[in-house]
Each structure stands twice: as C-alpha cells, then as structure tokens.
Amino acid sequence: MWTLDELLDRVSAALAAEYSGAPNGRVRDVPDKRAVRWYATTGLVDRPSAMRGRSALYEKRHLLQLVAVKRLQSEGRTLADIQAELAGATDTTLAAIARVPSHLLESDEAGVPAEEVRPRFWAAPAAPRPAAADVGTAAGVPTAPPAAAAPPVPAARPAPAAPPSAAAPPAAPTGTPPAPPHPPAFALNGVALPGGAVLLIPGTPSAADRAEIAAAARPLLDLLAARGLLNERDQS
C-alpha cells in the first residue's frame with residue numbers, strides 16, 4: 001500500500017513515458033491531492049483501501065485508475081465520458097488502458113507496519129449480535145433462571161347493568177384530534193460536480209447516472225462560474 005504522496009509519485013513516473021499531456025490547458029498533466037480526492041468523491045477512482053493513522057492508503061487499482069483517466073484525457077475525452085467508460089472496469093481493462101510499467105505496480109508492504117494499518121471498517125459486514133444468554137456465558141457470569149409463572153388472577157365480576165329508565169350520560173370529548181401522519185423520511189445523496197458544486201437528489205445514482213448528471217449540469221456550472229460562485233481550481 002502507498003500513501004497519497006507515494007501514489008502520485010508512481011502516477012508521475014507511469015505518465016513519463018508515451019504521454020503527450022492533456023490537450024486542454026485547464027487540465028493538469030498529473031493530478032494533485034485535491035484532484036484525487038475529488039475523483040474518489042465522483043466515483044472515477046475508488047476510495048482509499050485503508051488508513052494508517054490519519055493517512056489514507058492506496059493500492060494497485062488506484063494507480064491503474066488514475067493513469068487510465070489521464071491517458072484518456074490526453075485523447076481529448078471529457079471526465080463524464082471517461083467515468084461512463086471506466087465504471088465497473090476490471091483491473092485487466094484498466095491495465096490495458098493505463099499501460100503502467102510492472103515495477104511501479106509492486107507494493108512495498110515492508111514499509112507499512114501491519115499494526116498501524118486500519119482496514120475500512122465501513123466496508124466490512126456487520127458481525128451478528130450474540131444472544132443475551134451467550135454473552136453471560138462467555139463472560140463467566142451465571143444467567144438468572146427464568147422467573148416462576150405468576151398464579152392466575154381471578155376474573156373480575158361484571159358490574160350490574162343500569163336500569164332501562166336511566167339515561168346514559170353524554171360521552172366526554174376524547175381530546176385533541178390525532179396529528180396527521182408525517183411524510184416518509186428519505187436520505188439524500190450528493191453528486192459532486194466540478195468547481196465544488198454538489199447536487200442533492202433523493203435517489204441513489206449509478207456511475208452512469210453521475211456521468212450524465214455532470215454532463216447535463218454544464219450550463220448551470222457555466223453560469224455559476226461566470227458569477228464567480230465556483231472554485232475554479234477544482235476544475236481538474
């Protein structure tokens with residue numbers, strides 16, 4: 001595994017050969033840290049594989065993804081087109097596009113102490129919760145025996161019915177009417193757009209959805225950029 005700095009060094013070394021650079025002067029030849037984090041937010045690149053302290057760790061697939069993105073950008077492809085093409089791509093497909101030298105794909109595991117690496121806990125399946133009896137037995141605490149059944153309570157005798165001549169009192173008001181039901185709650189998902197803009201939608205978009213949304217939002221992004229409401233440094 002590599003830190004972000006080490007990953008970017010390998011990306012630069014991989015692009016040093018047979019890379020003409022991006023035709024658009026606004027696109028960096030080699031991505032910086034902010035660009036890599038933005039790529040991970042939009043789904044162009046996988047999120048870090050693990051953490052070492054507060055440092056994110058990356059692997060072979062991240063290197064292949066970053067180099068493949070830059071090689072396709074050098075052909076004049078937009079990020080939306082690249083995202084649609086590389087969505088769900090296997091390592092074999094990425095390797096054919098990236099053409100990274102084999103020695104750069106070797107991971108220096110000796111430099112990463114195992115006890116300092118924290119895996120992605122959010123990606124691991126949740127362990128089943130043990131039953132209460134199993135918890136007590138494992139901790140060496142004796143569990144209490146089941147409580148004895150309570151003796152049956154004799155049924156109450158019904159009250160005598162009122163005589164027919166007695167008028168029934170009016171029913172008392174039951175209080176305020178029940179509140180109307182609340183609308184069902186739903187989670188919002190963010191689709192990151194260039195310039196630091198984020199679009200919130202109630203659904204869960206796929207990689208292809210994100211690419212089409214980014215392409216459809218281009219007129220809005222141009223308007224926001226013209227009014228100085230975007231971060232132009234995030235247009236990588």
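This is a predicted model, so every value here is computed, not measured.

### Describing helix 1 (residues 4-15)
Thought 1: With 12 residues, helix 1 should reach 16 Å at 1.5 Å per residue; the first-to-last C-alpha distance of 16 Å fits that figure.
Thought 2: Where helix 1 is concerned, the buried positions are Leu 4, Leu 7, Leu 8, Arg 10, Val 11, Ala 14 and Leu 15. Buried residues of helix 1, seen end-on, are gathered within an arc of 160 degrees and therefore sit on one face of the element.
Thought 3: Looking at the buried residues of helix 1, the elements they touch are helix 2 (33-42), strand 2 (55-57) and helix 3 (60-73).

### Remarks on the packing of helix 4 (residues 79-86) against helix 7 (residues 207-216)
Thought 1: At a minimum axis distance of 9 Å, the contact between helix 4 and helix 7 shows a crossing angle of 170 degrees. As far as their axial angle goes, helix 7 and helix 4 are roughly antiparallel. Of the residues in helix 7, those touching helix 4 at Ala 80, Gln 83 and Ala 84 are Ala 207, Arg 210, Ala 211 and Ala 215.

### Considerations on the pattern of salt bridges
Thought 1: For the structure shown, the criterion picks out four salt bridges.
Thought 2: Here Arg 61 makes a salt bridge to Asp 91, at a shortest N to O gap of 2.7 Å. Taken together, the positions of Arg 61 in helix 3 and Asp 91 in helix 5 (residues 91-98) put the pair 30 residues apart, joining distant regions of the chain.
Thought 3: Arg 61 sits in the partly exposed class, given a relative accessible area of 23%.
Thought 4: Using a relative accessible area of 34% as the deciding quantity, one classes Asp 91 as partly exposed.
Thought 5: A network of salt bridges, in which partner residues are shared, links Asp 46, Arg 61 and Asp 91.

### Structural notes on the side chain of Gln 65
Thought 1: Structurally, Gln 65 is set in helix 3.
Thought 2: Gln 65 has contacts with Leu 44, Val 45, Asp 46 and Leu 94, leaving out every residue within four places of it along the chain.

### Let's talk about the environment of Arg 210
Thought 1: Along the chain, the position of Arg 210 falls in helix 7.
Thought 2: Relative accessible area serves as the criterion here: at 19%, Arg 210 is assigned to the buried category.
Thought 3: Sequence separation between Arg 210 and Leu 193 is 17 residues, and the spatial gap between their C-alpha atoms is 9.0 Å.

### A closer look at helix 5
Thought 1: Taken residue by residue, helix 5 has Leu 94, Ile 97 and Ala 98 as its buried positions. With its buried residues spanning 90 degrees around the axis, helix 5 presents them on a single face. For helix 5, the exposed residues lying more than 90 degrees away from the buried face are Thr 92 and Ala 96.
Thought 2: Here the buried face of helix 5 lies against helix 3 and helix 4.
Thought 3: Where helix 5 terminates, the next one or two residues include Arg 99, which has phi positive at roughly 55 degrees.

What counts and how
Residues numbered from 1 in each chain as written. Predicted model: local features only at pLDDT ≥ 70, side-chain atom pairs only at ≥ 80, totals over all residues. Heavy atoms only, no water. Helix = DSSP H or I, 4+ residues; strand = E, 2+ residues; numbered from the N terminus. Expected span 1.5 Å × (residues − 1). Buried < 20%, exposed > 50% of the residue type's maximum accessible area, 1.4 Å probe, protein only. Arc of directions from axis to C-beta. Contact = heavy atoms within 4.5 Å. Axes fitted to C-alpha atoms, helices over the stretch in contact; angles between N-to-C directions. Parallel < 35°, antiparallel > 145°, perpendicular 65-115°, else oblique. Salt bridge = Lys/Arg side-chain N within 4 Å of Asp/Glu carboxyl O.

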